[in-house]
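# Fold and contact review
In case you want the letters, here they are:
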Amino acid sequence: MFAKRDTVAALATLGLLLAACGAAPTAAPTAVPPKPTDPPKPTAAPVAATVAPTAATKPTDVPKPTDVPKPAATDYKIGLILVGPPNDGGWNQAHVEGSKYVMAKIPGVTFEIVDKVNPADRPNVKGTQVADDLIARGAKMIIFNSDDFKDDALETAKKYPKIPVIHASGDYSWKDGMAYKNQPNLANLMGQMEYGKMMAGCAAALNTETGKIAFLGPLVNDETRRLASAAYLGAKYCWETYRGKKAADLQFKVTWIGFWFNIPGVTLDPTKVMNEFINGGYDVTISGLDTPEAAQETKKAAAAGKKVKFVHYDLKTGCDIAPDSCLGSPYFNWGPEYVKAIKAAQDGKFDNYPFVWAEPDWKDINNVDSSMVGFTMGKGLGATSADMDKFVKGLADKSINLWKGPIKYQDGSDFVKAGETATPKQIWYMAQLLQGMDGQSK
Amino acid sequence: MATPASAKTPSPGAAYRVGAIVVGLIFIAGLVLLTGHSPIDVLVAMVKAAFGTEDQFARVLATLVPLTLCACGLIFTFNAGLYNLGVEGQMIIGGIAATLALRLLQDSAPGPVAMAVAILAGIAGGVVWALLAGALNVFGRISEIFAGLGLNFVAQGLAVYLIFGPWKRPGVASMSGTAPFPETLWLPTIGKTEASPVALIAGLVVLVFTVIVMRNTYFGLRLRAVGLNPRSSTVQGIPATRYLLSAFALSGAMAGLAGGLQVLAIFHRLIPNISSNLGFLSLLIVMLGNFNALFVLPLAFFFSALNVGSLTLPIQFQLESALAGVIQGVLVLAALIGRGLSQQARARARAAAVRKG
């Protein structure tokens, strides 16, 4: 009966292969804005060096592992640990862009990037292990790029007290926060994307014809709750102010898929969720995912003649995937804050680095050198872009303050009382979605 | 049913076995060349990444434990003629049961007690899940392959449900897992590495137990008899049902232990992929080792090193580390093809001998 045994072997092999390949987000390749073409030459030309995880490299260009790293005077290697693929057209790609900005600004800095560090894509691998290996290969600083790495970042920081660890998002280094951990070499960086999401919500409200806006949400946590809620506040404001309609006539639905991107069999399939949105009459979708399913499915539906639009997320060039249907893309510009933190680390002044939750540079939210949060206006805005400009200007000069009460939670209890404005702590730790939103709060 | 003992006869087809592996290696080298890298560089880097630092070597040991445990369990089921593909699910249930025990005891019992109970709970969970497959097989006449695979899905679904549902972190619903347990509930490790002496000892004890039972006991002998032919062994007075269920239970206990240790020693929380696909990998180990317990340790060590070393593929070569899965699969396929060819060669030799004689 060897046939049976071999069938079993084949099945098991197949299982492993499927597990290895199957979890890769399906969306990545089609959605890639221009890839960097320079092969990495970290030692030869430090200033122009770019580490391009996707580009094939020749063996000669690969830095040889050495047991004893010999740092040149200017050599400063940083390990960047990504939760998803580097070319996801979203969150992870924005971090890769940030690393390129750093290399252009600080001579001698190189990055070693490990992508897809999550238990579905890389079973039997933990964030801390990747950090161990990067540090063993000479990394002098580690950046974790996902909220889901909060425990890994803390563990790594504890294990290597002399290695500065940046956790992009997260609140462990926030002294006033509710989860403060006294770990001097751990710092959190985040941008006030709430403003970007308000703009996203506004763009959606200005353009929906059915009055039904969908928010394609990742997983539920503090960050995503406040971002979805900010999008709603922006939508409600623009719906009432610029379109002169009643808030009660605006539907705002949030569906969480369960992770930052699709993991077949574990999360909801964002492609299917998008189709449900579109078939359910939600004609504008605001993406909260790392990956571009909202853009892709909207593009398909638009090509089939449906009047649908989307707002992208995370990446400046996010609209490029489907320019005509794109209302805009609130994005992170990690470069400048990374430069500040890395310079502090190089100068030995990283310990107790202040918690960063940076506002956009209101003088010019799209300034690459100063604004951590920006908004790309999409072609799909058409004539509504004038109202968008008004809205952004209002946020900038603070004549529009959407955090002013009264704002109620979904269950009718007070989030912010009348006459008060939400504090940063209230905003960060928002306990529920807001009244008027349709979706799970926890 | 194939006799595991068949490997012990001198093999006229040994050249086929070696040849197939060599062809497999050439194929892998070709694949690596296609990616624009030197196979030698990649090999050296992978070996370094498995053994270069104490952290990495400890990781090889830490992965070795679940592989060894699951493989030992599978030795029993394979020798009983059973294809326990449910080993993944048994491992997952072990992890779930251990997590449950820790959650119940973390505030009331001292750390070591809670951890001991959690390990026992993991074992019990694995046994229950394996006996479920066993009962479906023995009493329900459902192939253990499909029963096992089906139960794998159920176990996986249960883990995902618990992580998103009743056991989610406060205010969070993410597939990244439950909140980590406090460090008092982590099994101690060697230095700051991930290798846990308790887990290593558990793996070693189970391995020695398996070798002795299979080689030197009446139980092992009868189990093999049942595996060869359940009906005739029943006629000869061996209670086949009891032996089959015992094999399931032993296999489940070891897989459940592995799952529990994944929670206590490695992840310190429940994650959806708590088994890290190591159960499937151990199936390959046992088949490659021709169902012989003596080969478990070296093969598990090899695959553990391959698994851990493959992390350097994305770091150093910007290569997809799924390539390690391909390498693994190619090696196993090559070994199986080699075995098939060598058996045909042996059969031809025997036929020729008969004709001559």
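Residues numbered from 1 in each chain as written. Chains lettered and ligands numbered in written order. Predicted model: local features only at pLDDT ≥ 70, side-chain atom pairs only at ≥ 80, totals over all residues. Heavy atoms only, no water.

### Remarks on the nonpolar core
Residue and element names in this part refer to chain B. Formed by 105 residues in total, the largest nonpolar core has its most connected members in F78, I96, L102, L261, L283 and L313. If one sorts the elements of this core by residue count, helix α10 (residues 240–267) sits on top with 16 residues. Among the domains, domain 1 (1–37 + 321–357) and domain 2 (50–318) are the pair contributing at least three residues each to this core. (Core = buried A, V, L, I, M, F, W, Y, C linked by side-chain atoms within 4.5 Å. Buried < 20%, exposed > 50% of the residue type's maximum accessible area, 1.4 Å probe, protein only. Helix = DSSP H or I, 4+ residues; strand = E, 2+ residues; numbered from the N terminus. Domains from an automatic or database assignment.)

### What about the side chain of A:N185?
Residue and element names in this part refer to chain A. Looking at where N185 falls in the secondary structure, it is placed in the loop between β4 (165–168) and β5 (186–191). The buried category is assigned to N185, whose relative accessible area is 2%. One polar contact links the side chain of N185 to the main-chain carbonyl oxygen of P161, over a distance of 3.4 Å. For N185, the side chain forms a polar contact with the side chain of Q183, separated by 2.8 Å. In contact with N185, not counting residues within four places along its chain, are A157, Y160, P161, K162, I163, P164, V165, F350 and D351. (Polar contact = N/O pair within 3.5 Å; in protein donor to acceptor, adjacent residues only side chain to side chain. Contact = heavy atoms within 4.5 Å.)

### Here's the deal with helix α7 (residues 270–279) of chain A
Since there are 3.6 residues in each turn of an α-helix, residues three or four apart along the chain are aligned in direction. Residue and element names in this part refer to chain A. Within α7, burial applies to P270, V273, M274, F277 and I278. Buried positions in α7, seen along its axis, are confined to an arc of 135° and lie on one side of it. Exposed side of α7, more than 90 degrees from the buried face: K272, E276 and N279 are the residues found there. Where α7 is buried, its residues contact β6 (212–217), β7 (251–256), β8 (284–287) and α8 (293–303). For α7, the capping residue at the N-terminal end is D269, with a side-chain oxygen 2.9 Å from the backbone nitrogen of T271. In the segment just after α7, G281 is the residue with positive phi, at about 90°. (Arc of directions from axis to C-beta.)

### Some words on the packing of helix α4 (residues 87–105) of chain B against helix α11 (residues 278–288) of chain B
All names here are of chain B. Remark: α4 packs on α11, axes separated minimally by 7 Å, with the N-to-C direction vectors making an angle of 140°. Comparing the axis directions of α4 and α11 gives the class oblique. Classified by chirality, the crossing of α11 by α4 is right-handed. Contacts from V87, E88 and M91 of α4 reach α11 at L278, G279, F280 and L283. Tallied by class, residues from the contact of α4 with α11 come to 5 nonpolar, 1 polar and 1 charged. (Axes fitted to C-alpha atoms, helices over the stretch in contact; angles between N-to-C directions. Parallel < 35°, antiparallel > 145°, perpendicular 65-115°, else oblique. Left-handed = near helix turned anticlockwise from the far one by under 90°. Nonpolar A, V, L, I, M, F, W, Y, C, P; charged D, E, K, R; others polar.)

### So, the sheet that holds strand β2 (residues 109–114) of chain A
Residues and elements named next belong to chain A. Strand order across the open sheet formed by 6 strands is β2-β1-β3-β4-β5-β11, with parallel pairing between neighbours. Edge positions in the sheet fall to β2 and β11 (356–358), since each has one partner strand and no second. Neighbouring strand axes in the sheet, compared pairwise and without regard to direction, differ in orientation by 20° on average. Bridge count between strand β1 (residues 76–81) and strand β3 (residues 141–144): 4 bridges; the pairing is parallel. Across the sheet, the residue bridging to I78 is M141, located in β3. On top of the sheet, helix α4 (residues 150–159) reaches β3, β4 and β5; it is set at about 170° to β4, its chief contact. (Pairing = 2+ DSSP bridges.)

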